[in-house]
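The lines below spell out each chain.
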Amino acid sequence: MRSTDKTTEAARVMSICNACRYCEGHCAVFQAMELRLEFNADTVDYLSNLCHNCGACYHNCQYAPPHEFALNVPAAMAELRQENYGVYAWPGFMGKLFANNGLWVSALSIVVIAAFFALTAILTGADFFAVHENAFYGVISHNVLAGTFGAVGLFVLIAIGASVTRFWKTMRLPGPFSLDYGRVLQGVKDALSLKYLDGGNGQGCSYPDDKPSMARRWFHQMTFWGFMLCFAATSVGTVMHYGFNLPAPYGYVSLPKLFGILGGIGLIVGPVGLLMLKAKADPAPKGKTNKGMDVSFLFLLLMTSVTGLALMLVKETAFVGMALSIHLGVVMTLFLSMPYGKFVHGFYRLVALMVFAVEKNDHRAIVGVCENKDAA
C-alpha cells in the first residue's frame with residue numbers, strides 16, 4: 001500500500017477530525033469518516049473523492065490555521081485527488097504528465113491544432129480558403145473524421161475504463177452483479193444532482209469566500225448538462241447518418257443542431273462562471289499542487305463550445321477550413337486529456353458516492369439491529 005506526503009497528511013487531518021466531529025453534518029466525507037477507526041491510502045483516496053471542495057468545513061473549523069493543528073480538509077483532499085490522477089491512470093506515464101503540469105495541455109493543443117491545419121491543407125490544397133458545398137465535410141470527409149476520432153475515442157474509453165476499474169478495486173466493492181442497485185442508484189442520483197455542493201446546510205458552498213452561495217453548484221450543472229447535450233447532438237447525428245441515411249450538415253431546427261446549440265451555450269456559461277469563481281476564490285482551501293489542470297479543462301470545454309459555434313456560423317464561408325482546424329484541434333486535445341484530469345475524477349466521485357450510499361445503508365441496518373436487541 002502506497003504512502004506519500006499527500007496520503008499521510010490526509011490521514012492526519014482525518015484522524016483529528018474523527019476525534020472532533022464538529023463538522024459531522026457537513027457532507028459525505030465526515031459521515032464516511034465516522035465509520036472508520038484508522039485511515040490508510042485506500043481510505044483517504046475514497047474520502048478525497050467524496051469531497052466537493054465546498055469549503056464549509058474549512059471556514060467553520062476551530063483547528064484551521066493559524067491553530068497549531070493547521071487543519072485544512074479541502075486542501076488536503078484536493079491535493080490527494082490531484083495525486084489520484086497519476087496513481088490510477090492508464091497508461092501511468094500519461095497520468096503523470098498531465099497531473100504534474102497543466103501546461104502540458106497547452107503544448108499538446110498547439111501541436112494538435114497545427115497537425116489539423118497541416119491535414120486540412122494537404123486534403124484541400126489550394127481550396128483551403130474556399131467555400132465548400134458540403135460545409136466542413138467538404139474540407140475533411142465524414143469517413144476521415146469518423147475514423148480519426150473513432151480511434152482516439154476508443155483509446156479514451158479504454159483508458160477511462162482501466163482507470164475507473166483500478167479505483168473500483170481500491171474501494172473493495174463487490175462485483176457489478178453483486179451490488180444492491182437500489183443503493184447504487186442513490187449514489188448516482190447524489191452525483192448527478194451535486195447534492196454535496198450545498199455546503200451541508202442547503203445554502204451552497206462557502207466559495208469563493210466564506211459566504212454560502214449556490215453559484216458554484218449552478219455553474220457545475222450548466223457545464224455538465226451542456227456537455228451531455230453536446231454528446232447527445234453527436235449521438236443523434238451518428239444515428240441519423242448511419243441509421244437513417246441522413247448525412248450532415250443539418251438545418252438549425254434539427255435535433256443535432258438544437259442539442260448542439262443548447263449544449264454549446266451551457267459550455268460557455270458554466271465554464272466562464274466557474275473560472276470567474278476560481279479567480280476570486282480564497283486560495284487556502286484549493287490546495288498547492290494543482291498546476292493548471294482544473295483551469296485548462298474548463299478552458300478546453302469553453303473553447304470547444306466557442307470554436308464549435310463559430311464553425312457553425314462560418315461553415316458556408318471561405319473561413320471554414322481554418323475554423324474546422326482550430327475546432328478539431330481543441331476537441332482532440334480535450335479527448336486526449338479526459339482520462340488524466342477533472343473529467344475522469346467525475347467517475348471516481350461517482351464510484352465513491354455509490355460506495356458511500358451502500359455503506360451508509362449497511363451501517364443504518366446494523367445500528368437498527370443493535371437497537372432492537374437492546375430493546376428486547
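An account of the accompanying structure is given in this report.

Thresholds, definitions, all that
Residues numbered from 1 in each chain as written. Predicted model: local features only at pLDDT ≥ 70, side-chain atom pairs only at ≥ 80, totals over all residues. Heavy atoms only, no water. Phe/Tyr/Trp six-rings, centres within 6.5 Å; stacked < 30°, edge-to-face > 60°. Helix = DSSP H or I, 4+ residues; strand = E, 2+ residues; numbered from the N terminus. Buried < 20%, exposed > 50% of the residue type's maximum accessible area, 1.4 Å probe, protein only. Salt bridge = Lys/Arg side-chain N within 4 Å of Asp/Glu carboxyl O.

## Overview of the packing of aromatic side chains
Turning to step 1, where the next piece is worked out: On inspection of all chains with the given rule, the structure shows 11 aromatic pairs.
Turning to step 2, where the next piece is worked out: Ring geometry for Phe-149 against Phe-335: centres 5.9 Å apart, planes inclined by 90°, an arrangement best described as edge-to-face. In this pair, Phe-149 sits in helix α8 (residues 142-170) while Phe-335 sits in helix α13 (residues 320-337), placing the two residues 186 residues apart along the sequence.
Turning to step 3, where the next piece is worked out: Residue classification places Phe-335 among the partly exposed positions, given a relative accessible area of 24%.
Turning to step 4, where the next piece is worked out: Here a set of aromatic residues connected by ring pairs shows up, and it is made of Phe-227, Phe-297, Phe-343 and Phe-347.

## Some words on unusual backbone geometry
Turning to step 1, where the next piece is worked out: In this structure, the amide linkage connecting Pro-65 to the following residue, Pro-66, adopts the cis form with an omega of 15°.
Turning to step 2, where the next piece is worked out: In the segment running from Trp-90 into Pro-91, the intervening peptide bond is cis, with an omega of -15°.
Turning to step 3, where the next piece is worked out: The residue Pro-91 is located in the loop between α5 (73-87) and α6 (92-100) in this model.
Turning to step 4, where the next piece is worked out: Even without a glycine there, the phi angle at Ala-70 is positive, about 50°.
Turning to step 5, where the next piece is worked out: Structurally, Ala-70 is set in the loop between α4 (56-60) and α5.
Turning to step 6, where the next piece is worked out: The phi angle at Leu-194 is positive, at roughly 50°, despite the residue not being glycine.
Turning to step 7, where the next piece is worked out: With respect to the helices and strands, Leu-194 occurs in the loop between α9 (181-192) and α10 (215-243).
Turning to step 8, where the next piece is worked out: Given the relative accessible area of 13%, Leu-194 is considered buried.

## Re the pattern of salt bridges
If the charged atoms of two oppositely charged side chains come close together, the side chains can form a pair.
Turning to step 1, where the next piece is worked out: Overall, the coordinates contain four salt bridges when judged by the stated rule.
Turning to step 2, where the next piece is worked out: A salt bridge links Arg-2 to Asp-45; the shortest N-O distance between them is 2.7 Å. Pair noted here: Arg-2 is in the segment before α1 (5-20) and Asp-45 is in helix α3 (residues 41-50), with a separation of 43 residues, a long-range link.
Turning to step 3, where the next piece is worked out: One salt-bridge network, held together by shared partners, links Arg-2, Asp-45 and Glu-83.

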